[in-house]
Amino acid sequence: QVQLVESGGGLVQAGGSLRLSCGASGRTFSSRAMGWFRQAPGKEREFVAAITWSGSNTYYADSVKGRATISRDNTKNTVYLQMNSLKPEDTAGYYCAAGIPGVFSALRYALKDSWNSWGQGTQVTVSS
C-alpha cells in the first residue's frame, strides 16, 4: 500500500473554489490510478473523480462534472482536485484513493473496493 495525505480543505462560501491536494509516499505513484471520493455525514462514501496513471484519462461523477478538475504531477507524487462553483451539497470529507500499480478498470473506478489505499481525508464545508 501507499501512504496518502490530503490537504487543502476548509470553509468556503457557495460559488467559491478550493484546490485539494493529495501527496503519496513511495516510488510507485506514477503507475497508480488515483481517485477522489467524498463522504457527507450519514451518507455513503461516493465517487468524485479519477485519473489514470499517465493522466491521459479522467472520469467524473455527474454531480461535479463541469465544476471539478482532477490532475496529477508524477514528479511530485501528488494528485489534485480543483473544485469550482462550490455548492452547500459539496460539503463532505474528501478522501484520496490509490489503485494497485498497473491496474485500472474503466468499468469499476467508481466503486470503493476498486481502490487499494486511502488517505485520512480533508473536510470541505460550503456555506450558503
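Our subject is the structure listed above.
This is a predicted model, so every value here is computed, not measured.

1. Comments concerning the overall build of the protein
Here's step 1: When you go through the protein residue by residue, the secondary structure sums to zero helices and eleven strands.
Here's step 2: Reading the protein from its N terminus to its C terminus gives the helix and strand order β-β-β-β-β-β-β-β-β-β-β.
Here's step 3: Here the protein has a C-alpha radius of gyration of 13 Å; the compact-globule value for 128 residues is 14 Å, and the two agree.
Here's step 4: Summarising its shape, the C-alpha atoms of the protein cover approximately 40 × 30 × 25 Å along the three principal directions.

2. Some points on unusual backbone geometry
Here's step 1: Phi is positive for N77, which is not a glycine, with a value near 55°.
Here's step 2: Considering the arrangement of structural elements, one finds N77 in the loop between β7 (68–73) and β8 (78–83).

3. Overview of the nonpolar core
The nonpolar side chains of a soluble globular protein tend to be buried with one another.
Here's step 1: L4, M34, W36, I70, V79, L81 and Y94 are the most contacted members of the largest nonpolar core, which totals 37 residues.
Here's step 2: If you list the elements that add at least two residues to this core, you get β3 (18–24), β4 (34–39), β5 (46–51), β6 (58–60), β7, β8, β9 (92–98) and β11 (122–127).
Here's step 3: Other than its neighbours up to four places away in sequence, I70 contacts M34, G35, W36, A49, A50, I51, T58, Y60, V79, Y80 and L81.

4. Considering the state of the cysteines
Here's step 1: Applying the stated rule across the entire model yields one disulfide.
Here's step 2: Each disulfide pairs two cysteine sulfurs, and for C22 the partner residue is C96, the sulfurs being separated by 2.1 Å. Around the S-S axis, the bridge from C22 to C96 shows a dihedral of about -80° and counts as left-handed. Within this pair, whereas C22 is found in strand β3, its partner C96 is found in strand β9, the two being separated by 74 residues in sequence.
Here's step 3: Under the relative-accessibility criterion, C96 is labelled buried at 0%.

5. Thoughts on the pattern of salt bridges
Here's step 1: In total, this model carries six salt bridges according to the counting rule given.
Here's step 2: Ionic pairing is found between R38 and E46, a salt bridge with its closest N-O pair at 2.7 Å.
Here's step 3: For D113, the salt bridge goes to R108, with nearest N and O atoms at 3.1 Å.
Here's step 4: Relative accessible area serves as the criterion here: at 61%, D113 is assigned to the exposed category.
Here's step 5: Judged by its relative accessible area of 38%, R108 is partly exposed.
Here's step 6: Taken together, the salt bridges that share partners define one network made up of R38, E46, R67 and D90.

6. So, the packing of aromatic side chains
Here's step 1: Using the criterion set out here, one finds seven aromatic pairs in the structure.
Here's step 2: Arranged with centres 4.4 Å apart and planes meeting at 35°, the rings of Y59 and Y109 form a pair that is tilted. Residue Y59 is located in strand β6, and its partner Y109 is located in the loop between β9 and β10 (117–118); the two are separated by 50 residues in the primary sequence.
Here's step 3: Residue classification places Y59 among the buried residues on the basis of a relative accessible area of 18%.
Here's step 4: Aromatic pair F104 and Y109: ring centres 6.2 Å apart, planes at 10°, arrangement stacked.

The rules behind each value
- Residues numbered from 1 in each chain as written.
- Predicted model: local features only at pLDDT ≥ 70, side-chain atom pairs only at ≥ 80, totals over all residues.
- Heavy atoms only, no water.
- Helix = DSSP H or I, 4+ residues; strand = E, 2+ residues; numbered from the N terminus.
- Rg over C-alpha atoms; globule rule 2.2 N^0.38 Å.
- Core = buried A, V, L, I, M, F, W, Y, C linked by side-chain atoms within 4.5 Å.
- Buried < 20%, exposed > 50% of the residue type's maximum accessible area, 1.4 Å probe, protein only.
- Contact = heavy atoms within 4.5 Å.
- Disulfide = S-S within 2.5 Å.
- Salt bridge = Lys/Arg side-chain N within 4 Å of Asp/Glu carboxyl O.
- Phe/Tyr/Trp six-rings, centres within 6.5 Å; stacked < 30°, edge-to-face > 60°.

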